Amino acid sequence: AKANCFGTTVIMVAWWLTEAAKANCFGTTVIMVAWWLTEAAPLAVTALLPVVLLPLLGVASASVVSSAYFSDPILLFFGSFVMAAAVQSRGLHRRFALALLRRVGTEPRRLLLGFLTSTALLSMWLNNTATAAMMVPLSNAVLMQLK
């Protein structure tokens, strides 16, 4: 039964790949899977392969492929995560943590109020996922200061 299933799958894939565009799309997928599994290239490079290969191979236009990668919500997430990484790389999360401790103190209720307020203020300008990404290093810095 397994041989029949495998043979049927091979025949279906071979029939499906008779068109050049489908074969090129399948080839791009195979390259991506191989690169992803072997980590031959960084995952970010592997994820962006279709943006480069599909228009070059004539599978789809650059605008069609790019619309899947560069929609407004995705760019909002990307910008927010870049900002969170910049805050962490420059040590601003430690400054924010110290300022928070200085203003609200170390009493648990006041500390919780400080975190809720700062999260609410960040959520006014960033999406909720990026706010959470920024609050994790801040909370870790507060915990390190309280130890």
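Above this text you will find the structure in question.
Let me sum up the structure you'll find in this document. (Residues numbered from 1 in each chain as written. Predicted model: local features only at pLDDT ≥ 70, side-chain atom pairs only at ≥ 80, totals over all residues. Heavy atoms only, no water.)

## A closer look at the overall build of the protein chain
So, point 1. Helix and strand counts for the protein chain stand at nine helices and zero strands.
So, point 2. Moving toward the C terminus, one meets the helices and strands of the protein chain in the order α-α-α-α-α-α-α-α-α.
So, point 3. Within the protein chain, buried positions represent 21% of all 147 residues.
So, point 4. For the protein chain, long-range pairs separated by at least 24 residues make up 43% of all intrachain contacts whose partners lie at least 6 apart in sequence. (Helix = DSSP H or I, 4+ residues; strand = E, 2+ residues; numbered from the N terminus. Buried < 20%, exposed > 50% of the residue type's maximum accessible area, 1.4 Å probe, protein only. Contact = heavy atoms within 4.5 Å.)

## A word on helix α6 (residues 72-89)
In an α-helix, one turn spans 3.6 residues; hence positions three or four apart end up facing the same way.
So, point 1. For α6, spanning 18 residues, the distance from its first C-alpha to its last is 26 Å, which sits close to the expected 26 Å at 1.5 Å a residue.
So, point 2. At its buried positions, α6 is contacted by α7 (92-104) and α9 (128-146).
So, point 3. The first or second residue beyond α6 is Gly 91, which carries a positive phi of 80°. (Expected span 1.5 Å × (residues − 1).)

## Focus: the packing of helix α4 (residues 49-56) against helix α5 (residues 62-69)
So, point 1. Relative to each other, α4 and α5 sit at 165°, their axes nearing to 9 Å. Here α4 is positioned roughly antiparallel relative to α5, judged by the angle of their axes. In this structure, α4 crosses over α5, and the sense of that crossing is right-handed. Across from Pro 50, Val 51, Leu 54 and Pro 55 in α4, the residues of α5 making contact are Ala 62, Val 65, Ser 66 and Tyr 69. (Axes fitted to C-alpha atoms, helices over the stretch in contact; angles between N-to-C directions. Parallel < 35°, antiparallel > 145°, perpendicular 65-115°, else oblique. Left-handed = near helix turned anticlockwise from the far one by under 90°.)

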